[in-house]
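# Survey of secondary and tertiary structure
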Amino acid sequence: MQAPRNAKISPASRLAHGGGGIDPQTGAVVPPIQTATTFARDESYRLTSPSHLYSRDDNDLTRQTEALIADLEGGAEARLFASGMAAIAATVRMVRPEQTILVQSGIYWGTTLWLRKHCQHAGIALIEADATDTERFCETISESGPALVLIEVPSNPYLGMADIASIAKVAGNAGAVTAVDATAATPILMRPLELGADLVLHSATKALNGHSDVLAGVISCRDADSDAWKFIREERHDAGAVLPAFEAYLLLRGLRTLSLRIERMCSNAQAIAEALQAHPMVETVLYPGLPTHPGHSLATRQMHDGYGYLMSFITKGSAQDALGVVGRLKLIKRATSLGGVESLVEHRRTIEGDASGIPEGLIRLSVGIESADDLIADLMHALSPLAAGE
Ligand code: PLP
C-alpha cells in the first residue's frame with residue numbers, strides 16, 4: 001500500500017511548514033508542545049478524544065513529525081523512536097530464534113556490535129557480508145534464506161554503496177524483509193522505499209534533526225499492512241522506546257531547514273572531497289560524489305541532488321600522523337556523531353580499536369554548513385607537512 005503523495009508540493013516546501021498548517025483556533029504557525037502523559041475520560045468512561053489515551057503512543061507532535069517523514073520517504077507510515085539504535089533494535093527483534101539475519105559488513109560499529117550480542121543471546125544466525133559486491137551478496141541471500149536483510153547506504157565510515165533495488169528484489173523473492181539504514185543520505189537525497197526496500201531507518205539524531213541536540217530514531221514502511229510493520233508498530237507501543245514530546249518538537253523544528261542544510265552540506269562536501277583528493281598527504285578519499293569512488297555511478301542512479309555530507313579520507317603515514325592532522329584542526333570539532341550544522345571529525349581506529357581493521361590513517365568527516373573555503377583552509381593547514389612541526 002503506497003501512501004498518496006502530493007506531487008505539486010516539493011519536499012523543501014513541505015519541510016519549511018513542518019508538515020502542518022496553521023492552527024485554526026489560535027493561528028499558531030508552529031505546533032504546541034503537548035506535555036500531558038494521560039488523557040481524561042467522560043462520565044460514561046468514554047475517552048474525551050478517541051485518539052488520545054496515554055502518551056506512549058498518543059502525542060500529536062510525534063504524529064505530525066512521523067507523517068512528515070513518511071511523506072518525504074514516499075512511505076505509508078513512520079514511527080519515531082528514542083534513538084537510532086532503538087529503531088534498529090525494534091526492526092531486528094522481529095527475527096525469531098533459529099532464523100537468520102544478513103547484515104552488511106563495515107557499517108556503523110554500534111549496529112554491528114549490538115547485532116552480534118543480540119543474535120548470540122537470542123539464538124539467531126548472523127551473517128555479515130560485503131553488500132557492495134551485489135552479485136555475491138544476492139547469492140548469499142538466496143543461499144542462506146534470511147528473515148531480515150539489513151544494509152546501510154551510504155555506509156559509515158567507508159561510504160560503501162549497496163544496490164538497494166537489486167538487493168530488495170532478490171530478498172523479496174526469498175521472503176526476506178529488506179531494511180535500509182539511510183542515515184547518511186536522508187530522504188532528500190535517497191528514498192529506499194521507492195527502490196523496493198520494505199523499511200527505511202534513520203538515526204534522526206544526525207542530519208534529520210541536524211543540530212546535535214536530540215537523540216532520535218525513525219522507521220518508515222512501504223506497506224502498513226505488512227507483518228513486519230505490524231510487529232514494529234506494536235513493538236514501539238508495547239516496549240515503549242518512544243520519543244518524548246520535547247524531543248519531537250526539536251526534531252520537527254530541525255526538519256524545517258533540512259533541504260537547505262543538505263544542499264549546503266553536499267556542496268561543501270563535494271568541494272572538500274575534491275580538495276582532499278588533490279593533496280599529496282592524502283592517499284584516498286572515500287566520497288561517492290567523486291568519479292573515482294567505486295560506487296559513484298550507482299550513487300548517481302540511486303541518489304538525487306547530491307552525494308551526502310559524510311566522507312572519510314585516508315592520510316599517508318601512521319595512526320599518529322593521522323591523529324596529528326586531526327589535532328591541528330581548529331574550526332572542525334573533534335567529536336563523534338554526524339549530520340550536524342557544525343563539521344565534526346573522528347579518527348575511527350582510535351574508537352573501534354585495532355581489531356576493527358579500520359585503516360590507521362582513516363579520518364571520518366561529517367561536513368556542516370560553514371563556509372566551504374573556511375573548512376578547506378582548516379583541512380589544508382592541518383594536512384600541511386610544515387604545520388606538523390608547529
Ligand atoms: N545508524 C548510523 C548509520 C549511525 O551512524 C548511528 C550513530 O552514529 C546510528 C544508526 C545509531 O543512532 P543513535 O546514535 O541515534 O542511536
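The structure reproduced in this document is the subject of the present report. Just so you know, these numbers come straight off a predicted model, no measurement behind them.

What follows covers the pairing of strand 11 (residues 344–347). Here strand 11 shows no split at all, with Leu344 and Glu346 on one side and Val345 and His347 on the other all buried. As judged from the two bridges shared by strand 10 (residues 333–334) and strand 11, these two strands associate in the parallel manner. Opposite Lys333, over in strand 11, you have Leu344 as the bridge partner. Bridge count for strand 11 against strand 12 (residues 362–366) is four bridges, and the pairing is antiparallel. Pairing of Leu344 across the sheet is with Ser366, part of strand 12.

Our focus in this paragraph is the pattern of salt bridges. In this structure the tally under the stated criterion is 18 salt bridges. Arg236 is the salt-bridge partner of Asp57, the closest N and O atoms lying 2.5 Å from each other. Of this pair, Asp57 sits in the loop between helix 1 (11–16) and helix 2 (60–73) while Arg236 sits in helix 8 (residues 227–239), and the two are 179 residues apart along the sequence. The exposure class of Arg236 is buried, given its relative accessible area of 3%. One salt bridge in this structure joins Arg348 and Glu352, with 2.8 Å as the shortest N-O distance. Of this pair, Arg348 and Glu352 both sit in helix 13 (residues 348–352), four residues apart, roughly one helical turn. Of the two residues, Arg348 and Glu352, both sit in the buried class.

So, on to the sheet that holds strand 9 (residues 310–315). Read across the open sheet, the five strands follow the order 8-9-12-11-10; overall the sheet is mixed. Single-partner strands in this sheet number two, and they are strand 8 (282–286) and strand 10. Sheet topology places strand 9 next to strand 12; five bridges connect them, and they run antiparallel. Its bridge partner being in strand 12, Ile314 is matched across the sheet by Leu362. Against the sheet, helix 10 (residues 258–277) touches strand 8, strand 9 and strand 12, its axis set at about 10 degrees to strand 9.

A few words on the environment of Ala248. Its place among the elements puts Ala248 in helix 9 (residues 245–255). A residue is classified by how much of its surface remains accessible, and Ala248, at 0% relative accessible area, is buried. Residue contacts for Ala248: discarding those within four places in its chain leaves Leu61, Thr62, Thr65 and Leu243.

Throughout the structure, instances matching the rule amount to one cavity of 30 Å³ or more. Here the largest cavity defines a volume of roughly 30 Å³. A breakdown of the residues in the lining of the largest cavity according to their chemical character gives two nonpolar, three polar and four charged.

Within helix 9, eight of the 11 residues are buried, which leaves it mostly tucked inside the rest of the structure. Along helix 9, the residues classified as buried are Ala245, Ala248, Tyr249, Leu250, Leu251, Leu252, Gly254 and Leu255. Elements in contact with the buried residues of helix 9: helix 1, helix 2, strand 1 (77–81) and helix 10.

Take the nonpolar core next. Among the nonpolar cores identified, the biggest contains 87 residues, and Ile151 and Met311 are the most heavily contacted of them. The leading source of residues in this core is helix 10, at eight residues. Excluding its chain neighbours within four sequence positions, the residues that come into contact with Ile151 are Gln104, Ala131, Phe137, Ala162, Ile164, Ile167, Ala179, Val180 and Asp181.

Attention now goes to the site of the ligand. In the vicinity of the ligand, 15 residues are found, and the nearest of them are Gly84, Met85, Asp181, Ser203 and Thr205. Here an oxygen atom of the ligand and a side-chain polar atom of Asn156 are 3.0 Å apart. At 2.8 Å, a side-chain N or O of Ser203 approaches an oxygen atom of the ligand. Protein chains shield 91% of the accessible area of the ligand, which is 390 Å² for the free molecule. Counting residues per element, the shell around the ligand draws most heavily on helix 3 (residues 84–92), which supplies three residues.

Cut-offs applied
- Here the residue index of a chain counts from 1 through its sequence in written order.
- Selection of residues for local features in this predicted model requires a pLDDT of at least 70, selection of side-chain atom pairs for listing and counting requires 80 or more, and totals for whole chains, interfaces and linings are taken over all residues.
- Values reported for side chains reflect all heavy atoms of the structure, with hydrogen atoms and water molecules removed beforehand.
- The classification of residues rests on relative accessible area computed with a 1.4 Å probe and restricted to protein chains. Under 20% of the type maximum is buried, over 50% is exposed, and intermediate values are partly exposed.
- Numbering goes from the N terminus for both helices and strands, where a helix is a DSSP run of H or I of at least four residues and a strand is a run of E of at least two.
- Here, a strand pair is defined by DSSP locating no fewer than two bridges between the strands.
- Whenever a carboxyl oxygen of Asp or Glu lies within 4 Å of a side-chain nitrogen of Lys or Arg, that contact is scored as a salt bridge.
- Pairs of residues are marked as contacts when any of their non-hydrogen atoms sit within 4.5 Å.
- In this analysis an axis means a line fitted to C-alpha atoms, helices contributing only their contacting stretch, and an angle means the value between N-to-C directions, from 0 to 180 degrees.
- In this analysis, the protein atoms alone were mapped onto a 1 Å grid. Cavities are point sets where a 1.4 Å probe fits without being able to get out; pockets are open sets with protein on both sides within 12 Å along at least five of seven lines; lining residues have an atom within 4 Å of a point.
- Grid points are joined across faces, edges and corners, and a volume is the space filled by probe spheres set on the points.
- When residue character is reported, Ala, Val, Leu, Ile, Met, Phe, Trp, Tyr, Cys and Pro are called nonpolar, Asp, Glu, Lys and Arg charged, and the others, Gly included, polar.
- Take the buried Ala, Val, Leu, Ile, Met, Phe, Trp, Tyr and Cys residues and link them wherever side-chain atoms come within 4.5 Å; each set so joined is a nonpolar core.
- Near, as used in this document, describes a residue that has one of its heavy atoms within 4 Å of the molecule or strand being considered.
- Throughout this description, a polar contact denotes any pair of N or O atoms lying within 3.5 Å of each other; where both atoms belong to protein, one of them has to be capable of donating a hydrogen while the other can accept it, and for residues adjacent in sequence the pair is counted only when both atoms sit in side chains.
- The Shrake-Rupley method, run with a 1.4 Å probe sphere, supplies the accessible areas, and residue values consider only the shown protein chains as cover.

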